[in-house]
Amino acid sequence: MRPALSGDTKVAGVIGDPVRHSLSPALHNAGFAHLGLDWAYVAFEVPAGGGAGAVAAMRALGIDGLSVTMPLKAEVVEACDELSPAAAMLGAVNCVRRSGDRMIGENTDGVGFVNSLRRQAGVEFAGMHAVVLGGGGAARAVVAALVSEGASVTIVNRSMESAVRAAELGKAAAAAAGVGSSMSVMVGAPGAVRDADLVVNATPLGMNAADPMPVAPEMLRRGQMAVDLIYMPAVTPFLEVADEAGAQILNGTGMLLFQAAEQFKMWTGRDAPVKAMGAAVGLDIAG
Ligand code: NAP
């Protein structure tokens, strides 16, 4: 159990807007409670333009860790004293940790994604062909993580500009991981989905009931794995159609859990109790 709040309690939190619906407080507080750590995690509503002020407040108030969500991931980059290689490459920070007086910007989205697929579905990435739908911040993190794990990736996105940017980042990630010569990272058309082993929806399409599908249903098939980064609703139309087609499906709750687990370890120095944290958001994680 978590000790009672006191003058010694360490504080972490999430900044973003909207943030009141966030599952991060439930995840982290379950982890603190499971390990009996004197930490508390809260949500701070910080609108666009407030990222630098929030990092300054973290410094002034002695807050020990911040998760960073939409719309602040890019603007917080400038407010950090130092960036991890992943945050620098992606140009996006989803976590700030302290190192003495220095604020270090990190990005745990990519590792959260691969750990989710590995732990929840036993996925082996080397040699697999993935199609990532989308070219925004989450897509870039997923593309970089997939190529670093040895997958080939095709990016399919509405605008060519974002797709090309994501592909360039993927090539840089492949080179950094020492797999540059064997990997293929390209921009493709929706037809590429049919041949993919793994299809990832990294667009927001499916969050609202009126949204169109991110890909034509007939592209999805048995033998594929379909992953949606969205976790609310738990089953998007994309996952529903993929399931009907016989594909294996997974939503974004696991990515949320495993990116949080990395942050938990950075702040507390303790391995995150992912089983207890997962249970707090309805996930049954083995081990
Ligand atoms: P983002 O940076 O705004 O990127 C959104 C991408 O989706 C862009 O490539 C955009 O295309 C495309 N898109 C948006 N609306 C579209 C539409 N109507 N039709 C076709 N394409 C459209 O957002 P993000 O941060 O990458 O987030 C994407 C999704 O991932 C969100 O649902 C978010 O909640 C989820 N996410 C989940 C986790 C997790 O832990 N599970 C973590 C991060 C993000 P253009 O480039 O053409 O604009």
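Because the structure is a prediction, the values reported are computed rather than measured.

**Focus on helix H8 (residues 237–244)**
Every buried residue belonging to H8 is among Phe238, Leu239, Val241 and Ala242, and all of these are buried. Down the axis of H8, the buried set is contained in an arc of 165°. They therefore lie on one face. The inward-facing, buried residues of H8 abut strand E7 (129–133), strand E10 (198–201), strand E11 (225–228) and strand E12 (248–250). One or two steps after H8, the chain reaches Gly246, where phi turns positive at roughly 95°.

**Considerations on the sheet that holds E10**
Reading across from one edge, E9-E8-E7-E10-E11-E12 is the order of the six strands in this open sheet, with parallel pairing throughout. Since the sheet does not close on itself, it has two edges, and those belong to strand E9 (185–187) and E12, each with one partner. Here the strands of the sheet are splayed against their neighbours by 20° on average, with no regard to which way each runs. Alignment of strand E8 (residues 152–156) against E9, held across three bridges, turns out to be parallel. For Thr154, the partnering residue across the bridge sits in E9 and is Met186. Helix H7 (residues 160–176) contacts E8 and E9 of the sheet and is inclined by roughly 175° relative to E9. Each of E7, E10, E11 and E12 touches H8; the most contacted strand, E11, lies at about 170° to it.

**Thoughts on the site of the ligand**
What surrounds the ligand is a group of 21 residues, the closest being Gly135, Ala138, Arg158, Ser162 and Leu229. Residue Gly252 places a main-chain N or O atom 3.0 Å away from a nitrogen atom belonging to the ligand. For the ligand, whose unbound accessible area comes to 920 Å², protein coverage reaches 75%. Of all the secondary structure elements, the ones that give two or more residues to the shell around the ligand are helix H6 (137–148) and helix H9 (253–268). Residue composition of the shell around the ligand, by class: 10 nonpolar, nine polar and two charged. Looking at which domains feed residues into the shell around the ligand, each of domain 1 (10–107 + 254–280) and domain 2 (110–251) gives three or more.

**What to know about the pattern of salt bridges**
Where charged atoms of side chains with opposite charge meet at close range, the side chains can pair. Taken as a whole and assessed by the stated rule, the structure comprises eight salt bridges. For Glu149, the salt bridge goes to Arg118, with nearest N and O atoms at 2.5 Å. Of the two residues, Glu149 sits in the loop between H6 and E8 while Arg118 sits in helix H5 (residues 109–121), which places them 31 residues apart along the sequence. Note on Glu149: relative accessible area 29%, which makes it partly exposed.

**Concerning the domain arrangement of the protein chain**
The assigned domain composition of the protein chain is domain 1 (10–107 + 254–280) and domain 2 (110–251). The centre of domain 1, based on its C-alpha atoms, is set 25 Å off from the matching centre of domain 2. On the domain 2 side, the residues contacting the 12 residues of domain 1 number 19 residues. Between domain 1 and domain 2 lies a buried interface of about 1,300 Å² when both sides are counted; carbon and sulfur atoms form 73% of it. Connecting domain 1 to domain 2 are zero salt bridges. Connecting domain 1 to domain 2 are zero residue pairs in polar contact (both at pLDDT 80 or more). Every element with two or more residues in the side of domain 1 that touches domain 2 is listed here: helix H4 (85–90) and H9. Classifying every residue of the side of domain 1 that touches domain 2 by side-chain character gives seven nonpolar, four polar and one charged.

**Regarding the pairing of strand E3 (residues 65–68)**
With burial as the criterion, each face of E3 is covered, one bearing Gly65 and Ser67 and the other bearing Leu66 and Val68. Bridge count between strand E1 (residues 10–16) and E3: four bridges; the pairing is parallel. If you follow Ala12 over to E3, its bridge partner there is Gly65. Here three bridges tie E3 to strand E5 (residues 95–99), and the two strands are oriented antiparallel to one another. Across the sheet, the residue bridging to Leu66 is Val96, located in E5.

About the cut-offs
- Residues numbered from 1 in each chain as written.
- Predicted model: local features only at pLDDT ≥ 70, side-chain atom pairs only at ≥ 80, totals over all residues.
- Heavy atoms only, no water.
- Buried < 20%, exposed > 50% of the residue type's maximum accessible area, 1.4 Å probe, protein only.
- Helix = DSSP H or I, 4+ residues; strand = E, 2+ residues; numbered from the N terminus.
- Arc of directions from axis to C-beta.
- Contact = heavy atoms within 4.5 Å.
- Pairing = 2+ DSSP bridges.
- Axes fitted to C-alpha atoms, helices over the stretch in contact; angles between N-to-C directions.
- Near = heavy atom within 4 Å.
- Polar contact = N/O pair within 3.5 Å; in protein donor to acceptor, adjacent residues only side chain to side chain.
- Areas by Shrake-Rupley, 256 points an atom, 1.4 Å probe, with all protein chains shown as cover.
- Nonpolar A, V, L, I, M, F, W, Y, C, P; charged D, E, K, R; others polar.
- Domains from an automatic or database assignment.
- Salt bridge = Lys/Arg side-chain N within 4 Å of Asp/Glu carboxyl O.
- Buried area = accessible area lost by both parts, 1.4 Å probe.

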